[in-house]
Amino acid sequence: MTESRRLPRAMTSGGASVAVRLPVGAGTLAHRPTYRRIAPDNKYDQRTVVSAACAPQGAECRELSAGWADHLGALACTAPACFPDVDTENGVTR
Ligand SMILES: [Zn+2]
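A short tour of the structure in this document, coming up.

Cut-offs used in this document
- Each chain has its residues counted from 1, following the order in which its sequence is written.
- Given that the model is predicted, a residue must reach a pLDDT of at least 70 before its local features are reported, and side-chain atom pairs must reach 80 or more before they are shown or counted; all residues, however, enter totals for whole chains, interfaces and linings.
- We count a stretch as a helix when DSSP gives it H or I for four or more residues in a row; a strand needs E for two or more, and each element gets its number in order from the N terminus.
- Around each residue's C-beta, the other C-beta atoms within 10 Å are counted; 20 or more make the residue buried, 12 or fewer make it exposed, and counts in between make it partly exposed. All C-beta atoms are placed from the backbone.
- Residues are defined as contacting one another if the C-beta atoms placed from their backbone atoms lie within 7 Å.
- Each nonpolar core comprises buried Ala, Val, Leu, Ile, Met, Phe, Trp, Tyr and Cys residues, the members being joined through C-beta atoms within 7 Å.

Broken down by element type, the protein carries two helices and seven strands. Put simply, the protein runs from its N terminus to its C terminus through helices and strands in the order β-α-β-β-β-β-β-α-β. Going through the 94 residues of the protein one by one, you find that 29% of them count as buried. Of all intrachain contacts in the protein linking residues separated by at least 6 positions in sequence, the fraction that spans at least 24 positions is 64%.

Okay, structure coming up:
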């Protein structure tokens, strides 16, 4: 079980995006977004789906601004691929 904390303030005020699985509410994990191509073998098909960096082959996510996700109560995923270094108290990246 990964510990979860507030998103880094530099993200919530800077307009960065996070990947979340809907519905979003208090305690929903906000992940670093990664983009998986739908048809990686087709060079003409550049479509992607958003997923969590800690589970790039996992369920599809929605991309929200970090500020909005934080406002809705989402917490930073502390998996190594997402936000492993956020501070407990105020979401400041160490
Ligand atoms: Zn994650």
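It is characteristic of soluble globular proteins that their nonpolar side chains tend to be buried jointly. Counting residues in each nonpolar core, the largest one holds 20 residues, and the members touching the most others are Leu-7, Val-18, Val-20, Ala-30, Ala-69, Ala-76 and Cys-77. Looking at this core, the elements that each hand over two or more residues are strand S2 (17–20), strand S3 (29–30), helix H2 (66–71) and strand S7 (75–77). Ignoring anything within four residues of it in the chain, the contact list for Ala-69 reads Leu-7, Val-18, Val-20, Val-24, Ala-30, Leu-64 and Ala-74.

On to the environment of Arg-32, then. Summarising the element assignment, Arg-32 is placed in the loop between S3 and strand S4 (33–37). Taking the C-alpha atoms as reference points, Arg-32 and Ala-52, separated by 20 residues in sequence, lie 5.9 Å from one another. For Arg-32, the residues in contact, after removing those within four places along its chain, are Ala-19, Ala-53, Ala-81, Cys-82 and Phe-83.

Let us now look at the environment of Arg-47. Among the secondary structure elements, Arg-47 is positioned in the loop between S4 and strand S5 (48–52). Arg-47 sits in the exposed class, given 10 other C-beta atoms within 10 Å. For Arg-47 and Arg-36, which are eleven residues apart along the polypeptide, the C-alpha to C-alpha distance reads 8.4 Å.

Moving on to the environment of Thr-48. Looking at the secondary structure, you find Thr-48 in strand S5. Overall, Thr-48 belongs to the partly exposed group, with 13 C-beta atoms counted inside 10 Å. Separated by 13 residues in the primary sequence, Thr-48 and Tyr-35 place their C-alpha atoms 5.7 Å from one another. The contact partners of Thr-48, leaving out residues within four places of it in the chain, are Tyr-35, Arg-36, Arg-37 and Ile-38.

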